[in-house]
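As a plain string of letters, each chain reads:
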Amino acid sequence: MKKYKAYALISYELECEFEAEDDQDAWDRAQQLDGGEFTELDGTGDWKVFEIQEITE
């Protein structure tokens, strides 16, 4: 049998609640949030295989 490697992309939607003075402040703060501050929304995960390659060593 031949050996292959598969490449995939996983994505899911996240949310994070925080306080801000106004819409612009909220946008600025959201851009600076760390990924660890978010939690995954249930049922939003998805993944897609986008490439396969034969391994020829």
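Residues numbered from 1 in each chain as written. Predicted model: local features only at pLDDT ≥ 70, side-chain atom pairs only at ≥ 80, totals over all residues. Heavy atoms only, no water.

A. Expanded view of a nonpolar patch on the surface. A surface patch of nonpolar side chains, about 780 Å² in accessible area, is lined by Y4, I10, Y12, L14, W47, V49 and I52. Contributing elements (two or more residues each) for the nonpolar patch: β1 (4–11) and β4 (46–54). Among the elements that line the nonpolar patch, the one with the most residues is β4, at three residues. Considering the arrangement of structural elements, one finds I10 in strand β1. Given a relative accessible area of 59%, I10 falls into the exposed group. (Patch = residues over 30% accessible without salt bridge, like charges linked within 9 Å, V, L, I, M, F, W, Y side chains within 5 Å. Areas by Shrake-Rupley, 256 points an atom, 1.4 Å probe, with all protein chains shown as cover. Salt bridge = Lys/Arg side-chain N within 4 Å of Asp/Glu carboxyl O. Helix = DSSP H or I, 4+ residues; strand = E, 2+ residues; numbered from the N terminus. Buried < 20%, exposed > 50% of the residue type's maximum accessible area, 1.4 Å probe, protein only.)

B. Representation of the pattern of salt bridges in the model. Applying the stated rule across the entire model yields one salt bridge. One salt bridge connects D25 with R29, and the closest N-O pair in it is separated by 3.0 Å. A residue pair is termed a helical-turn pair when its members lie 3 or 4 positions apart in one helix, as D25 and R29 do in helix α1 (residues 23–32) at four residues. Since its relative accessible area comes to 41%, R29 is described here as partly exposed.

C. Spotlight on the pairing of β1. The element β1 is barely covered by neighbouring structure, given that only zero of its eight residues are classed as buried. Looking at chain direction, β1 and β4 are connected through eight bridges and run antiparallel. From the neighbouring strand, A8 faces β4, where its bridge partner is V49. (Pairing = 2+ DSSP bridges.)

D. Geometry of a negative patch on the surface. A contiguous patch of negative charge, built from E21, D22, D23 and D28, is present on the exposed surface. Its place among the elements puts D23 in helix α1. (Lys, Arg positive; Asp, Glu negative; His and termini not counted. Charge placed at Lys NZ, Arg CZ, Asp CG, Glu CD.)

E. Spotlight on the environment of K48. Secondary-structure assignment places K48 in strand β4. Using a relative accessible area of 58% as the deciding quantity, one classes K48 as exposed. Taking C-alpha positions, K48 is 25 Å from C16, a pair spaced 32 residues apart along the chain. Excluding residues within four positions of it along the chain, K48 makes contact with Y7, A8 and L9. (Contact = heavy atoms within 4.5 Å.)

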